[in-house]
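What the coordinates show
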Amino acid sequence: MACLASVAQAQSPDIAGLDRQRILLAADAALAQAPLTITAFSSPRSSGGAHDFYSEGDYWWPDPAHPGGPYIQRDGLTNPDNFVAHRRALVGFSVQMPALVAAWKISGEPRYARHAAAHLRAWFIDPATRLNPNLQYAQAISGRTTGRGIGIIDTVHLVEVARAIEVLQASDVLSAEEQGQIKRWFTDYLQWLTTSKNGQEERDAKNNHGSCWLLQVAAFAHLTGDQQLLAYARERFKTVLLPTQVAADGSLPLELKRTKPYGYALFDLEALAALCQVLSTPEDNLWTYATPDGRSMAKAVAWMVPYIRDKGKWPLPPDVMYDKQWPMRQTSLLFAGRALGKPDYLALWASLPADSAVEEVIRNFFIRQPVLW
């Protein structure tokens, strides 16, 4: 998924050289870990079966005024007692499998590719351990609902997995039949994403949830070769996401009104930038596209860059949680820097931390191996 050739394109940094040590360290650690899927964990509160992903809404807590009653919301404050084992398993998969493929790509050592393939078989093929291709029971709320469309954001972590699968196709570690089975899983998931009640609710979300829904559709359609869905995603990006999420000055007002505005603005920008990366073609470059009233990705990135470079200039109150953990090495800087001819974006990207040990940061930083892109 190379960036578009353009007269404005900046020289891409040597990501393989820059990241070689961190990639191999991560991949070597992953080699020591057997694939682990959601079937290893269960919750008595789940309405699904052993193969159904289950999670609980982050910001929902027991109501002190009504013990045992429906939970109440406390925006921005994560309830530490919620069931998160499936989410952790999925995030672990999304960390390990792309790291293994990245290591294979830069080293050529087949052991990395073989272990990546073992993860894919466990998650998408093996009847004993595979994940069902839906998120019907994600982000449930005790006493209120068994699952919500908003839970679909949990599988944004499969976006880089899908990219890694594409890269891995150049190896011989998966048979043609296995590749077909994996792509059928993503085809089935796309069907659920685009036709289910939960999927349609998430599609219509106005903030980062709508961005992450469309990014998943785009990434999985790219993997499966669904040109109709790719064309749909390009059009929706131009006619829905840009007009509703990006203000005339390039800011992201739907994220800025949250209790964690800095982190949410970075997160949504990552999703929007990844959409441009996945969907842009020489004939339809989303990086240079602007709405009739001038809203564009170039403006969105340009608005945020000063606050990534110097967080002290951030004009809003600090995030209520994890404020000191951001920014990371935001992929939006890399993708925009290459596509828009901005060497200063690339230099800023290279200067930022690539990894974090904080679980919440890992969860909200879903592109971790830029060498794959």
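Treat the numbers as computed from the prediction; the structure is a model and nothing was measured.

**Some words on the packing of aromatic side chains**
- In this structure the tally under the stated criterion is 18 aromatic pairs.
- Measuring from centroid to centroid gives 4.8 Å for Phe93 and Trp123, while their planes differ by 10 degrees, and the two rings are stacked. Of this pair, Phe93 sits in helix α2 (residues 85–107) while Trp123 sits in helix α3 (residues 110–124), and the two are 30 residues apart along the sequence. The two residues Phe93 and Trp123 agree in class, both being buried.
- Here a set of aromatic residues connected by ring pairs shows up, and it is made of Phe93, Trp123, Phe124, Trp185, Phe186, Tyr189, Trp192 and Phe220.
- If you follow Arg74 out to its NZ or CZ, it ends over the ring of Trp61, 4.3 Å from the centre.
- The lysine or arginine in question, Lys238, covers the ring of Tyr289, its NZ or CZ lying 5.3 Å from the ring centre.

**Here's the deal with the confidence of the model for the protein chain**
- Residues of the protein chain with pLDDT of at least 70 account for 97%, and the chain-wide mean is 95.
- Segment residues 2–7: pLDDT under 50, and 10 contacts once partners within four positions in sequence are set aside and those in other chains are kept.

**Digging into the environment of Val156**
- With respect to the helices, strands and loops of the structure, Val156 is situated in the loop between β4 (137–140) and α4 (158–168).
- Among the residues examined, Val156 registers a relative accessible area of 1% and is labelled buried.
- With residues up to four places along the chain from it excluded, the contact list for Val156 reads Cys212, Leu215, Gln216 and Phe366.

Conventions we followed
- Residue numbers here run from 1 along each chain, matching the order of that chain's written sequence.
- Predicted model: local features are reported for residues with pLDDT of at least 70 only, side-chain atom pairs are reported and counted for 80 or more only, and whole-chain, interface and lining totals are derived from all residues.
- Excluded from the side-chain calculation are hydrogens and water; included are all heavy atoms of the structure.
- We call Phe, Tyr and Trp rings a pair once their centres come within 6.5 Å, taking the six-membered ring for Trp, and we label the pair stacked below 30 degrees between planes, edge-to-face above 60, and tilted otherwise.
- The way it works is that DSSP assigns letters per residue, a run of H or I at least four long becomes a helix, a run of E at least two long becomes a strand, and they are numbered from the N terminus.
- Using a 1.4 Å probe on the protein chains alone, a residue whose accessible area is under 20% of its type maximum counts as buried, one over 50% counts as exposed, and one in between counts as partly exposed.
- Whether a charge sits over a ring comes down to the Lys NZ or Arg CZ being within 6 Å of the ring centre and within 35 degrees of the ring normal.
- The predictor attaches a confidence to each residue, and that confidence, scored 0 to 100, is pLDDT.
- Residue contacts are counted whenever heavy atoms from the two residues lie within 4.5 Å of one another.

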